[in-house]
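# Topology and contacts: notes
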Amino acid sequence: MPRSLVSERSALDFFPAKISYSSLAAAARTCKGCDIYMNATQTVFGEGDRRDGVMFVGEQPGDEEDIKGHPFVGPAGRLLDKALIDAGIDRSKTYMTNAVKHFKWTPRGKRRLHERPKSGEIAACRPWLEAELEVIRPHVLVFLGATAAQSMLGAGFRVTQMRGKWLECKLADRVIATVHPSSILRAPDARAREEQYRAFVADLAKVAAVVQGGVRLA
Ligand code: URA
Ligand code: SF4
């Protein structure tokens, strides 16, 4: 059969009849739109403040997120928390989610090592993120890292070139991409880490300026 006639499996097969944040979050718990769910503990759907208009999108839950069921509560989340404080953003007034909702990992001794989702898996999971954007309609949208940015902006998007710049994009009033906090944790030494951290906070400070400027008043 020609490939175009084979219907691709995706998150859409698990969508609720009536779309709302709660119905989506509930339906995502049973998603089998790609194979990642098979080795994961649970779906980690987006959560947080849905009214203040700021949405952060990461890659996928990590080991701790998979166990606890919440986004950005592990090491990368703790670094993000600190950077948000340093940039002047109140995390409790943001919505946090990921491009992929299950933890993809590979065993390394006793550890579960994060494994990058494939483009087909990112595509299979994309309907959840698209639906979150539709029901939340953020004013400011922040992509953390290449996987998140490429999921919505296309595979050609280069975070290294475009980070920290407001992007021309219809997904929200203000759209920006920056690095993923876990890339800072992987920096080769303390000095590089410090430098990368500062650059990350500088990108987030641009978001803070818009948030503090009162995007809701526009
Ligand atoms: N990394 C992510 O991209 N998202 C999380 O929720 C945790 C770590
Ligand atoms: Fe569904 Fe996404 Fe999980 Fe795949 S990763 S099973 S598409 S929620």
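Read on for an overview of the structure. Residue positions are given per chain, counted from 1 along the sequence in the order it is written. In the order they appear in the text, chains get letters beginning with A and ligands get numbers beginning with 1. Per-residue local features of the predicted model are confined to residues with pLDDT of at least 70, and side-chain atom pairs are confined, for both listing and counting, to 80 or more; whole-chain, interface and lining totals are unaffected and use all residues. Side-chain descriptors were evaluated using all non-hydrogen atoms of the structure, hydrogens and water having been removed beforehand.

### Quick look at the overall build of the protein
- The helix count covers DSSP runs of H or I at least four residues long, the strand count covers runs of E at least two residues long, and both are numbered beginning at the N terminus. The secondary structure content of the protein amounts to eight helices and seven strands.
- Radius of gyration: over C-alpha atoms. The globule rule applied is 2.2 Å multiplied by the number of residues raised to the 0.38 power. What you see for the protein is a C-alpha radius of gyration of 17 Å, in line with the 17 Å of a compact globule of 218 residues.
- In terms of its C-alpha atoms, the protein occupies a principal-axis envelope of roughly 50 × 50 × 35 Å.
- Expressed as a percentage of its 218 residues, the buried residues of the protein come to 48%.
- Contacts are assigned to residue pairs that have any heavy atoms within 4.5 Å of one another. In the protein, the share of contacts with a sequence separation of at least 24, taken over all contacts with a separation of at least 6, comes to 71%.
- Only the protein chains shown count as cover for residues, with accessible areas throughout obtained via the Shrake-Rupley method and a probe of 1.4 Å. When the accessible surface of the protein is totalled, it reaches about 11600 Å², and 52% of it is carbon and sulfur.
- Counted as positive: Lys and Arg. Counted as negative: Asp and Glu, with His and the chain ends omitted from the count. Note that the charge is assigned to NZ on lysines, CZ on arginines, CG on aspartates and CD on glutamates. A distance of 1 Å separates the average location of the 33 positive side-chain charges in the protein from that of its 25 negative side-chain charges. Under the scheme applied here, a residue whose accessible area is under 20% of the maximum for its type counts as buried, over 50% as exposed, and between as partly exposed, the area being computed with a 1.4 Å probe on protein chains only.

### What about the site of ligand 2?
- Around ligand 2, the structure places Cys 31, Lys 32, Gly 33, Cys 34, Tyr 37, Val 100, Lys 101, His 102, Ala 124, Cys 125 and Trp 128.
- Judged by its atoms lying within 2 Å of the grid points, ligand 2 is housed in the largest cavity.
- Under the scheme applied here, ten amino acids are nonpolar (Ala, Val, Leu, Ile, Met, Phe, Trp, Tyr, Cys and Pro), four are charged (Asp, Glu, Lys and Arg), and all others, including Gly, are polar. Of the residues assigned to the shell around ligand 2, the class counts are seven nonpolar, two polar and two charged. We call a residue near a molecule or strand whenever a single non-hydrogen atom of that residue lies within 4 Å of it. Lining residues are those with an atom within 4 Å of a point, where the points come from a 1 Å grid over the protein atoms alone and group into cavities, where a 1.4 Å probe fits but cannot get out, or pockets, open sets with protein on both sides within 12 Å along at least five of seven lines. What decides whether a molecule sits in a cavity or pocket is whether more than half of its atoms lie within 2 Å of the grid points.

### Examining the packing of helix H1 (residues 21–28) against helix H4 (residues 119–136)
- What counts as an axis is a line fitted to C-alpha atoms, over the stretch in contact for a helix, and the angles between N-to-C directions run from 0 to 180 degrees. Axis separation between H1 and H4 bottoms out at 10 Å; the angle between their running directions is 165°. The orientation of H1 relative to H4 falls into the category roughly antiparallel. In the packing of H1 onto H4, the handedness of the crossing is left-handed. Between H1 and H4, the residues in contact are Tyr 21, Leu 24, Ala 27 and Ala 28 and Trp 128, Ala 131 and Val 135, respectively.
- Looking at side-chain class alone, the contact of H1 with H4 contains seven nonpolar, no polar and no charged residues. Orientation labels follow simple angle bins: below 35 degrees gives roughly parallel, above 145 gives roughly antiparallel, 65 to 115 gives roughly perpendicular, and whatever is left gives oblique. Note on convention: the crossing is left-handed when the near helix lies turned anticlockwise from the far helix by less than a right angle, right-handed when the turn is clockwise.

### With respect to the packing of helix H3 (residues 75–87) against helix H8 (residues 190–212)
- Close contact between H3 and H8 brings their axes to 8 Å; oriented N to C, the two are set at 55°. By the angle class used here, H3 and H8 are oblique. Crossing handedness for the pair H3 and H8: right-handed. Of H8, the residues touching H3 (which contributes Leu 79, Leu 80, Lys 82, Ala 83, Leu 84, Asp 86 and Ala 87) are Tyr 197, Phe 200, Val 201, Leu 204, Ala 205 and Ala 208.
- Residue composition of the contact of H3 with H8, grouped by class: 11 nonpolar, no polar and two charged.

### Thoughts on the side chain of Lys 101
- In this structure, Lys 101 sits in the loop between strand E3 (95–98) and strand E4 (105–108).
- Not counting the four nearest positions on each side in its chain, Lys 101 is found in contact with Gln 42, Thr 43, Val 44, Phe 45, Pro 61, Cys 125, Trp 128, Leu 129 and Glu 132.

### Some points on the site of ligand 1
- Residues in contact with ligand 1, as listed here, are Gly 58, Glu 59, Gln 60, Pro 61, Gly 62, Glu 65, Pro 71, Phe 72, Asn 98 and His 180.
- Under the rule applied, a polar contact is a pair of N or O atoms within 3.5 Å (in protein, one hydrogen donor and one hydrogen acceptor; residues adjacent in sequence only if both atoms are side-chain atoms). In this structure, an oxygen atom belonging to ligand 1 sits 2.7 Å away from a main-chain N or O atom of Glu 59.
- Within the backbone of Gln 60, a nitrogen or oxygen atom sits 3.0 Å from a nitrogen atom of ligand 1.
- Burial of ligand 1 by the protein chains amounts to 94% of its free accessible area of 240 Å².
- A majority-of-atoms criterion places ligand 1 in the largest pocket.
- Residues that form the shell around ligand 1 fall into these classes: three nonpolar, five polar and two charged.

### Here we look at empty space enclosed by the protein
- Grid points are joined across faces, edges and corners, and a volume is the space filled by probe spheres set on the points. What the rule picks out here adds up to one cavity of 30 Å³ or more.
- A volume near 100 Å³ is recorded for the largest cavity.
- If you go around the largest cavity, you meet 15 residues; those closest to its centre are Cys 31, Gly 33, Cys 34, His 102 and Cys 125.
- Take the lining of the largest cavity: its biggest share by element is three residues, from H4.
- Classifying every residue of the lining of the largest cavity by side-chain character gives 10 nonpolar, three polar and two charged.

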